[in-house]
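Okay, here's what each chain looks like letter by letter:
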Amino acid sequence: MLEKLLEIKDLSVVYHTDEAHVYAVNAINLEIGARETIGLVGETGAGKTTTALAILRLLPEKTGHITQGEILFKGEDLLKKSKREMRGIRGAHISMIFQDPMTSLNPTITVGDQIYESLLIHNYEGKPRDELYKRVDELLELVGIPARRRKDYPHQFSGGMKQRVVISIALACQPQLLIADEPTTALDVTIQAQVLAMMYDLKEKLQTSMIMITHDLGVVAQTCDKVAIMYAGEIIEFGLAEDIFESDQHHPYTTGLFGSIPDLDIEADRLNPIEGLMPDPTALPCGCKFHPRCKLCMEICKTTLPPQWHEGDHMISCHLYSREK
Amino acid sequence: MSKAVVAPARKYKRKSRFKEIWRRMKKNKLSMVGLCVFALFVAMIIFADLIVPYRIALEQNVWEQFAPPSVEHLLGMDQYGRDIFARVIHGSRNSLLMGIAAVFVGMIIGGTLASLAGYYGGKVDMVIMRISDTIFCIPFMLMGLSIVAALGPGLINVLIAITITAIPNYVRIIRSAILTIVGNDFIEAGRACGASDIFIILKHVAPNAVGPIIVQATMQVGTMIIFSTAFSYLGLGIQPPAPEWGAMLAEGKSYMLSAPHMIIAPGMSIVLVALSLNLLGDGLRDALDPKLKD
């Protein structure tokens, strides 16, 4: 077992709005070892991004509240850090890649300056400007952009290149943990493959841990060591990539997810989606959150929270498996 | 770390940014005209004493009351027989500086307040906007008059009065520009890089709001000159006999039909300054916006 870099213990996040309380994340536990990549998979609204924002303490201040839990980064609780300490951590130790590269770059500043800025913020040793700019050039080359394009503005780049710039900003200070929030969703498939391959290389080279947030199981299969499947703010299945992709034992939701991917070998007219929608996070169902949509639903699922079933690293939270035992 | 081919570290710009803006400004012929005209006025302020001694602007010459423009007196004489050319030249010091200073100070204060309101939202926004609404409710003249009445007449006090009364206007316009920027992902991304609020406001929010601010600022200079006139007219601003365009305009108004040259010169000056600044502002806005870069 690798040393633990980040540990999320029993974390819950609630958004308080005027109309209702939205239970976005409900008591999740997650561990990330050094140099590990964890895929966080789930439908829209499953609480993936909220979890990421909670780690960086970037939840909207007025509405988002962490109601319980701890987030230990290298053994220190991030939730107890002061604002100033958090600023020192963001970007330098934990950084984040946002979903849409089109809007996550400032249109009025050259890309070189935007990378420079992240170096400048965490320039505690007071390195001279020339040295920092040399590093900007290095970073650009690292993500496959010629250094001479440093003086160009974001609108002069294509979507894929913008995302490369965003990645180089995130990697500028060599963080130990990189949170990638659907980094390839806004890109087309060819570019997606390029960017993913590049991210994987860089991660290996820089020995960074990564949380890859996505709803694309293909992306997960390509990049992740471990996978956590989220549903309605809970992690319902967790395991090594092999456990998720090769094992026969799955949470019915995971089975449904795999079922909804079209198979190349079998001719089919329609996709097989999971029936129904995510439950309303303002009024989550009792018992197992998935039971209204589950084909294998039993009486007990409607009333009691499912226990966690473990086999090695593989964890499934479902009544089906506790029965067998 | 990759040892990929790294271009030899070039000296990093700063200077070239201004060159770049200048290069793009030059393409806009109208804005260059604006810049030239405005530069003329600035030169007029600086070299006023070399062009015409201040003494001439005050000297009264009873025999030449209302004299129309001639070779000796380029723009004619006013009702006390003072040389209008000299008065326009020396008046520029008071009028133009007053207009520019009022807008400049107002924009800095208004911009700061608007940034705070737009960026933080919530209670901060509430307090700043309600105060500015309150000032907004009080009629402009009444507000200005009470401030001047409290502080006493004089150039600086009029400046303070018109600045304060104009601030709510700026706050509203700039805040709405900032609100559209704050929602962007790059603000969030900045936070995720560990940037502080002040850094984000200065580096990411403000540059994106520069367009509307410049347009507003250049339009306001003319307005501010006219507003300061109103105070001079009421005898609260610049005290006679010191020359000031607004005051000259007000004096000349009574003799508009018999001696139109009295209002043409100061009136044209105000129009020219306002127009040249508008053109200049338009060009500047385009030059500063990298998205419009070709």
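As a reminder, the structure under discussion sits directly above these lines.
This brings us to the overall build of chain A. Looking only at helices and strands, chain A features 10 helices and 12 strands. In terms of overall size, chain A behaves like a compact globule, its C-alpha atoms giving a radius of gyration of 21 Å where 325 residues would be expected to give roughly 20 Å. By its C-alpha atoms, chain A is 65 × 50 × 45 Å across when sized along the principal axes. Summarising the internal contacts of chain A: among those between residues at least 6 apart in sequence, 66% fall at separations of at least 24.

Here the focus is the interface of chain B and chain A. At the interface, 27 residues of chain B touch 37 residues of chain A. At the level of elements, helix 8 (185-192) and helix 9 (197-233) of chain B are the ones that each hand at least two residues to the side of chain B that touches chain A. Sorting elements by how many residues they give to the side of chain B that touches chain A places helix 8 of chain B first, with six residues. Here the side of chain B that touches chain A is composed, by residue class, of 14 nonpolar, seven polar and six charged.

Residues and elements named next belong to chain A. Spatially, the four strands line up as an open sheet ordered 2-1-4-5, and their pairing is antiparallel. Two strands bound the open sheet, and with one partner strand each, they are strand 2 (21-33) and strand 5 (76-77). Where strand 4 (residues 64-73) and strand 5 come together, two bridges link them in antiparallel fashion. Bridge pairing links Leu72 to Asp77 in strand 5. The strands that helix 1 (residues 48-55) touches are strand 1 (4-16), strand 2 and strand 4; relative to strand 2, the one it contacts most, it runs at about 65°.

All names here are of chain B. Remark: helix 2 (residues 29-51) packs on helix 4 (residues 84-120), axes separated minimally by 8 Å, with the N-to-C direction vectors making an angle of 135°. On the basis of the axis angle, helix 2 is oblique to helix 4. The crossing of helix 2 and helix 4 is left-handed. In this structure, helix 2 uses Phe41, Met44, Ile45, Ala48 and Ile51 to contact helix 4, whose residues at the interface are Ile89, His90, Ser92, Arg93 and Leu96. For the contact of helix 2 with helix 4, the per-class residue count stands at seven nonpolar, two polar and one charged.

Attention shifts here to helix 5 (residues 159-171) of chain A. All names here are of chain A. In this model, helix 5 (13 residues) spans 18 Å end to end at C-alpha, consistent with the 18 Å of a helix rising 1.5 Å per residue. Judged by how many residues are buried, helix 5 sits mostly within the fold: 11 of 13 residues are covered. Those residues of helix 5 lying buried are Met161, Lys162, Gln163, Arg164, Val165, Val166, Ile167, Ser168, Ile169, Ala170 and Leu171.

What follows concerns the pairing of strand 1 of chain A. Residue and element names in this part refer to chain A. Taken together, the nine bridges between strand 1 and strand 2 define a ladder with antiparallel strand orientation. Bridging across to strand 2, Leu6 finds its partner in Ile32. Bridge count between strand 1 and strand 4: eight bridges; the pairing is antiparallel. Its bridge partner lying in strand 4, Val14 is registered against His65.

All right, on to the environment of Glu3(A) then. Residue and element names in this part refer to chain A. With respect to the secondary-structure elements, Glu3 resides in the segment before strand 1. Given 9 C-beta atoms within a 10 Å radius, Glu3 is considered exposed. Taking the C-alpha atoms as reference, Glu3 lies 42 Å from His155; in sequence the two are 152 residues apart. Filtering out sequence-adjacent residues up to four positions away, Glu3 remains in contact with Gly33 and Ala34.

Rules used throughout
Counting restarts for each chain: residues are numbered from 1 in the order of the written sequence. Following the order in which they are written, the chains are lettered starting with A and the ligands numbered starting with 1. Whole-chain, interface and lining totals are the exception, using all residues; otherwise, since this is a predicted model, local features are given only for residues with pLDDT of at least 70 and side-chain atom pairs are given and counted only at 80 or more. Strands here are runs of E lasting at least two residues and helices are runs of H or I lasting at least four, both read from the DSSP assignment and numbered beginning at the N terminus. Atoms counted for the radius of gyration: C-alpha only. Globule rule: 2.2 Å times the number of residues to the power 0.38. What counts as a contact is two residues whose backbone-derived C-beta atoms lie within 7 Å of each other. Following the grouping adopted for this structure description, the nonpolar residues are Ala, Val, Leu, Ile, Met, Phe, Trp, Tyr, Cys and Pro, the charged ones are Asp, Glu, Lys and Arg, and the polar ones are all others, Gly among them. Whether two strands pair depends on DSSP finding at least two bridges between them. Only the stretch in contact is used when a helix axis is fitted, and all axes are lines through C-alpha atoms; the angle between N-to-C directions ranges over 0 to 180 degrees. Just so you know how the angles are binned, under 35 degrees is roughly parallel, over 145 roughly antiparallel, 65 to 115 roughly perpendicular, and the rest oblique. Helix crossings fall into two classes, left-handed where the near helix is turned counterclockwise from the far one by less than a right angle and right-handed where it is turned clockwise. Expected helix span is computed as 1.5 Å times (number of residues minus one). To sort residues by burial, count the other C-beta atoms lying within 10 Å of each one's C-beta; a count of 20 or more means buried, 12 or fewer means exposed, and anything in between means partly exposed. C-beta atoms are built from the backbone.

By themselves these figures say nothing about function.
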